[in-house]
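Okay, here's what each chain looks like letter by letter:
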Amino acid sequence: MSDTTNNDGKKPLGLKGATVRQKFSHGRTKNVVVERKNKRVFTPKPAGSGKPGGQKAAGSYLSDAELARRKKALEAARAMEEERAAKERALSEAREGERAKRRAEKDAAVREAEEAKIRAERAAEEARAKAEAEAAEAKASKKSVSGAARPKLRNPTPATADPAEAQVAGARAEAGRAVPNKNLKPAAKPAEDRKHTRNTKGGGNDRRRSGKLTINQALGGGGNRQRSMAAIKRRQARDKRKMMGGPIEHEKVYRDVQVPDAITVQELANRMTERVAEVVKALMTNGIMATQNQTIDHETAQLIVEEFGHTVVRVSDAAVEDILVTEPENDDENQAPRAPVITIMGHVDHGKTSLLDAIRKTNVVKGEAGGITQHIGAYQITLDGGEVMTFLDTPGHAAFTSMRSRGAQVTDIVVLVVAADDSVMPQTIEAINHAQAANVPMIVAINKIDREGADPTRVRTELLQHNVIVEQMSGDVLDVEVSAITGEGLDKLLENIALQAELLELRANADRPAEGAVIEAKLDVGRGPVATVLVQKGTLKRGDIFVVGEQWGKVRALIDDQGQRIEEAGPSVPVEVLGLNGSPEAGDVLNVVPDEARAREIAEYRAQVAKDKKAAAGAGVSLDQLLANAKADENVSELPIVLKADVQGSAEALVQACEKIGNDEVRVRVLHSGVGAITESDVTLAEASGAPIIGFNVRANTPARNSANQKGVEIRYYSIIYDLVDDIKAAASGLLSPEVKETFIGYAKIKEVFKITGTGKIAGCEVTEGVARRSAGVRLLRDNVVIHEGKLKTLKRHKDEVKEVQSGQECGMAFENYEDIRADDVIEIFTTEELERRL
């Protein structure tokens, strides 16, 4: 076979060329070969050509079942297509029928409208002809009667026109409003009427709209178009201005403009109903360049308002809280007796919570860490006789001063618990001061009388030093000897509380918006911010909208001291409130407001005021004061910490306790304190500041733990406030510089000074007292004056380097970096010892 033929008998693709002479400029030419590519034509092979075994058709490769399935699918597709086409034809026929029906109705309406228009035009022509005839007769009779008596008026005004002419004018207007028919030729108008029609805007519009069908004509069946009252009033105003000889300026309305402490230019213009451009122009005239979106102060706004002639009404931002100001309650029929609020106060470990447990028949002490109360608790107790009392249990540790103060502020009666075997202690004195400052009656409960060494008389005697005179000492303060363990004296204590409450005549109005005090606040993982509130006035209901401090919310649930959900809480009832948007501060006042917008406005105002106070705290510091503070803090070491607690009261108490730790050389700085679990943001802050994280009855969540492990941030957990304060104090003590203690060990006298080449001056000395050591410090005394302090470079005995030389022996000494030594100088040898200091 030839090389130009493939195995399958086909020729390969090739190029056929032809030579063409290509011409260029300047007579140059070039031979170019033009090639053409042959196109291969594919010829399909016969079926089965590649199958040497037989000549089967292409369709024979499919099985019978596959062929049947494909045929069935084709038949189903054809049936669906035919069904779809039939539906489309039916819909098209229905649409055509509906369209024809609507077209017929429309044609009938048009014909009816045309007939009505023709009837209206005929009636208008007849009325106009009749009116013109009556007007002509009236005019003729008028001229014959008064033609000789008075001169002719050139331009009579509408007020002196004849009623006949008014009737003619009305007929002309009626005729002008009627739409003429194309088939009817209207009667010719006089020249005066044609001129009036051309110059009148209404007439021009009527002529332009002639022959057009309006909705009013089609629906009402008439062509009489009535003018609106607004058009009539505008026409009367135009006529009045023409009679007065010019346009009438509107009288300016002067308003009372409410101007707050700060307002934008646009809002000020809106309140004055003036154009914004005019207000901006007035500001520029007064030398103030401000745009419409910029804020100006009250003084500037007052100047602009007075310039425009309005009256300024000063409105302060604090006016948003005016709704919270309630009038004092009067003794009316709406007030009813309420339960007394009793606060248990005293020193730590004097049995306050145990006494309350004995009254409530519970065991709260068992759940407290370390056996001491570290939270303020609120409980309501119903006695056997049906009397209801509300008790507040306060912690006795020194750090919880704020909690005890809040308990004394919201209470009616203070029960001062004093241990009979421990007598009056510091927190007992503090509780007395809180009760006296709040001006509430006090009942002294002398507890632990069942113990050995109990001396109630000693307690009563020591209370005299603090102006607390009990009844047995001829005073007016009730005192009861009780025992929380045996229950002795509890009935008498409750009886005295009920007697004191009866003397106070406690009453409150429950039919008013609620008002209460936040006893404690915390951040619960599942429930969000939770506040323990003691309702003081009114009734707090589920669904009420309230504002408390810088936070607001809507009561989602009320939970009593037994953990049960209730629908409402009256006066003297402690409840947990759910539904706040943030954790409030302990001691904040809760007020119910009418709507959510007012609550949000009050909360935003309070938050802004708190922010301004913080900013103003450092704003008044001058540069000299800043430099003086920086210089004073130069030598002060700081221990930064990040503090998280379970409730707001504990966080506040811990911050106060930590800030008291320190002295002039070291202090504790709380970078951040909050309520709730330790989060990743707390870890980031601690890492940036190099501070440990302190968790009091809280734990770090999983992302915070992982982040702390990666960044090397220390997290410490505590459940007892004693341990926390002791560890913080120990850490702060580590920042104190150690105390250096010097011990004198000997003296040496220089007898001769030798100068050695390469070594320097060597002092030949005799140890006169004690011992001279190589590692000790030395001072050079000349005439009992210290002229140098340093260390020895060398200490030799004869030719040997020694560590120490005893008293009475001679030696050679050389000082480090000092050679100004003379004979008869005295060398003082001493050692130093660093002692650890503690706060």
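A few points on the structure. All values derive from a computational prediction rather than experimental measurement. (Residues numbered from 1 in each chain as written. Predicted model: local features only at pLDDT ≥ 70, side-chain atom pairs only at ≥ 80, totals over all residues. Heavy atoms only, no water.)

### Side note on unusual backbone geometry
Point 1. Although it is not a glycine, His 26 adopts a positive phi angle of roughly 60°.
Point 2. Mapped onto the elements of the fold, His 26 is located in the loop between strand E1 (15-23) and strand E2 (29-37).
Point 3. One non-glycine residue, Asn 439, lies in positive phi territory at about 60°.
Point 4. Locating Asn 439 in the fold gives a position in the loop between helix H12 (426-438) and strand E12 (442-447). (Helix = DSSP H or I, 4+ residues; strand = E, 2+ residues; numbered from the N terminus.)

### A word on helix H20 (residues 721-733)
Point 1. An ideal rise of 1.5 Å per residue puts 18 Å on 13 residues; H20 measures up with 18 Å between its terminal C-alpha atoms.
Point 2. Among all positions of H20, only Ile 721, Leu 724, Val 725, Ile 728, Ala 732 and Ser 733 are buried. One side of H20 carries all its buried residues, which in axial view fall inside an arc of 170°.
Point 3. Contacts from the buried residues of H20 go to strand E24 (637-645), helix H17 (648-659), strand E25 (666-675), strand E26 (693-696) and strand E27 (715-718). (Expected span 1.5 Å × (residues − 1). Buried < 20%, exposed > 50% of the residue type's maximum accessible area, 1.4 Å probe, protein only. Arc of directions from axis to C-beta. Contact = heavy atoms within 4.5 Å.)

### A short note on the pairing of strand E31 (residues 785-797)
Point 1. Inspection of the sheet shows strand E30 (residues 777-782) paired to E31 by six bridges, in the antiparallel sense. When the sheet's bridge partners are listed, Arg 779 is paired in E31 with Glu 789.
Point 2. Hairpin remark: E30 followed by E31, antiparallel, with two residues in the connecting loop; positive phi at Asp 783, about 55°.
Point 3. In this sheet, strand E34 (residues 810-815) lies alongside E31 in antiparallel orientation, the contact comprising four bridges. Across the sheet, Thr 794 pairs through a bridge with Ala 814, a residue of E34.
Point 4. Hairpin connection from E31 to strand E32 (residues 800-801): two residues lie between these consecutive antiparallel strands, with His 798 at a positive phi of about 60°. (Pairing = 2+ DSSP bridges.)

### Re a positive patch on the surface
Point 1. On the surface, Arg 227, Arg 234, Arg 238, Arg 241 and Lys 242 cluster together to form a positively charged patch.
Point 2. As for its position among the elements, Arg 234 is in helix H6 (residues 229-244).
Point 3. Overall, the relative accessible area of 49% leaves Arg 234 in the partly exposed class. (Patch = residues over 30% accessible without salt bridge, like charges linked within 9 Å, V, L, I, M, F, W, Y side chains within 5 Å. Areas by Shrake-Rupley, 256 points an atom, 1.4 Å probe, with all protein chains shown as cover. Salt bridge = Lys/Arg side-chain N within 4 Å of Asp/Glu carboxyl O. Lys, Arg positive; Asp, Glu negative; His and termini not counted. Charge placed at Lys NZ, Arg CZ, Asp CG, Glu CD.)

### Some remarks on the sheet that holds E27
Point 1. What the four strands build is an open sheet, ordered E25-E24-E26-E27; its pairing is parallel. Of all the strands in the sheet, the pair left with one neighbour each is E25 and E27. Across the sheet, the mean angle separating the axes of adjacent strands is 25° when strand polarity is ignored.
Point 2. Sheet topology places E24 next to E26; four bridges connect them, and they run parallel. Within the sheet, the bridge partner assigned to Val 642 lies in E26 and is Ile 693.
Point 3. Along the sheet, H17 contacts E24, E25 and E26; its crossing angle with E24, the most-contacted strand, is approximately 170°. (Axes fitted to C-alpha atoms, helices over the stretch in contact; angles between N-to-C directions.)

### Details of the sheet that holds strand E10 (residues 388-393)
Point 1. Strand order across the open sheet formed by six strands is E9-E10-E8-E11-E12-E13, with mixed pairing between neighbours. Each edge of the sheet is formed by a strand with only one pairing partner; in this case those strands are strand E9 (377-382) and strand E13 (478-481). Ignoring which end each strand starts from, the neighbouring axes of this sheet average 25° apart.
Point 2. Of the pairings in the sheet, the one linking strand E11 (residues 413-419) to E12 comprises six bridges and is parallel in character. Paired with Ala 419 across the strands is Asn 447, a residue of E12.
Point 3. Each of E11, E12 and E13 touches helix H13 (residues 456-463); the most contacted strand, E12, lies at about 145° to it.

### With respect to helix H8 (residues 276-285)
Point 1. Within H8, burial applies to Val 279, Val 280, Ala 282 and Leu 283. Down the axis, H8 shows its buried residues gathered within 160° of arc, on one side only. Within H8, the exposed residues directed more than 90 degrees away from the buried face are Lys 281 and Thr 285.
Point 2. Where H8 is buried, its residues meet helix H7 (265-272) and helix H9 (298-307).
Point 3. At the C-terminal side of H8, Gly 287 shows a positive phi close to 85°.

### As for the environment of Glu 659
Point 1. Along the chain, Glu 659 falls in helix H17.
Point 2. Through-space distance from the C-alpha of Glu 659 to that of Val 670 is 7.6 Å; in sequence the pair is eleven residues apart.

### Section: the nonpolar core
Point 1. Ile 342, Leu 355, Phe 391, Leu 493 and Ile 497 are the most contacted members of the largest nonpolar core, which has 24 residues in total.
Point 2. Listing elements by their share of this core, those giving two or more residues are strand E8 (341-346), helix H10 (352-360), E9, E10, E11, E12, E13 and helix H14 (490-504).
Point 3. Sorting elements by how many residues they give to this core places H14 first, with five residues.
Point 4. By size, the runner-up hydrophobic cluster in this structure holds 21 residues, among which are Leu 639, Ile 641, Leu 643 and Ala 732. (Core = buried A, V, L, I, M, F, W, Y, C linked by side-chain atoms within 4.5 Å.)

### Considering the packing of H10 against H14
Point 1. Running from amino to carboxyl end, H10 crosses H14 at an angle of 90°, the nearest separation of the two axes being 11 Å. Comparing the axis directions of H10 and H14 gives the class roughly perpendicular. Across the interface between the two elements, Leu 355, Ala 358 and Ile 359 from H10 touch Leu 490, Leu 493 and Leu 494 from H14.
Point 2. Considered class by class, the residues forming the contact of H10 with H14 number six nonpolar, no polar and no charged. (Parallel < 35°, antiparallel > 145°, perpendicular 65-115°, else oblique. Nonpolar A, V, L, I, M, F, W, Y, C, P; charged D, E, K, R; others polar.)

### Comments concerning the state of the cysteines
Point 1. By the definition in use, this model includes zero disulfides.
Point 2. Not part of a disulfide, Cys 811 finds its nearest cysteine sulfur in Cys 765, a span of 5.4 Å.
Point 3. Judged by relative accessible area, which is 7%, Cys 811 ranks as buried. (Disulfide = S-S within 2.5 Å.)

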